[in-house]
Amino acid sequence: MTLEVQFQSFICSFAYGFFFSFSVNLCYRYLFSKKGIFKIIFNFLFCIFHSILYFLLLLMVNSGVIHIYFFLFFLLGYLFGNYYTKRIRKY
């Protein structure tokens, strides 16, 4: 994998972490609801959707190669995004 592709993967992972944080905060009410079966189904579909979307993004950028440091940039993007988007939560 070339250095340019790695930088593109870092940027995409960081941006997707930010997007994931935004979507978690947007769907906060449904992800952390009190109703048991609704919460389980919604969490399952939410995680499957975002996992497939992240893998498809990596597939377009670097042929689907996954490294641990891509997840670290995803985590950094999530934490950065959560700091800025937590105000949109609806309890």
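Rules of the game
Residues numbered from 1 in each chain as written. Predicted model: local features only at pLDDT ≥ 70, side-chain atom pairs only at ≥ 80, totals over all residues. Heavy atoms only, no water. Helix = DSSP H or I, 4+ residues; strand = E, 2+ residues; numbered from the N terminus. Buried < 20%, exposed > 50% of the residue type's maximum accessible area, 1.4 Å probe, protein only. Contact = heavy atoms within 4.5 Å. Areas by Shrake-Rupley, 256 points an atom, 1.4 Å probe, with all protein chains shown as cover. Phe/Tyr/Trp six-rings, centres within 6.5 Å; stacked < 30°, edge-to-face > 60°. Core = buried A, V, L, I, M, F, W, Y, C linked by side-chain atoms within 4.5 Å.

### A short note on the overall build of the protein chain
Here comes step 1: Summing up its helical and strand segments, the protein chain has 4 helices and 0 strands in all.
Here comes step 2: The 91 residues of the protein chain split such that 30% are buried.
Here comes step 3: Across the protein chain, every contact between residues at least 6 apart in sequence was considered, and the portion connecting residues at least 24 apart equals 73%.
Here comes step 4: Here the protein chain has roughly 6400 Å² of accessible surface; of this, 75% comes from carbon and sulfur atoms.

### As for the packing of aromatic side chains
Here comes step 1: Here the structure, examined in full by the defined rule, presents 22 aromatic pairs.
Here comes step 2: Note on Phe-18 and Phe-80: the rings are 6.1 Å apart at their centroids and 45 degrees apart in plane angle, and the pair reads as tilted. Of this pair, Phe-18 sits in helix α1 (residues 3-26) while Phe-80 is found in helix α4 (residues 68-85), placing the two residues 62 residues apart along the sequence.
Here comes step 3: Ring centres of Phe-80 and Tyr-84 lie 4.9 Å apart, and the angle between their planes is 65 degrees; on these two criteria the pair is classed as edge-to-face. With Phe-80 and Tyr-84 both in helix α4 and 4 residues apart, this pair spans about one turn of that helix.
Here comes step 4: For Phe-80, a relative accessible area of 39% corresponds to the partly exposed category.
Here comes step 5: Residue classification places Tyr-84 among the partly exposed residues on the basis of a relative accessible area of 42%.

### Notes on unusual backbone geometry
Here comes step 1: The phi torsion at Ser-63 lies on the positive side, around 65 degrees, for a residue other than glycine.
Here comes step 2: Following the sequence through the fold, Ser-63 ends up in the loop between α3 (36-62) and α4.

### A short note on the nonpolar core
Within soluble globular proteins, side chains that are nonpolar generally end up buried alongside one another.
Here comes step 1: Membership of the largest hydrophobic core is limited to 11 residues, which are Phe-10, Tyr-16, Phe-20, Val-24, Cys-27, Leu-31, Phe-46, Tyr-54, Leu-58, Phe-70 and Phe-74.
Here comes step 2: Breaking this core down by element, the ones donating at least two residues are α1, α3 and α4.
Here comes step 3: In terms of residue count, the dominant contributor to this core is α1 (4 residues).
Here comes step 4: If sequence neighbours within four positions are ignored, Phe-74 has contacts with Ser-13, Tyr-16, Gly-17, Phe-20 and Tyr-54.

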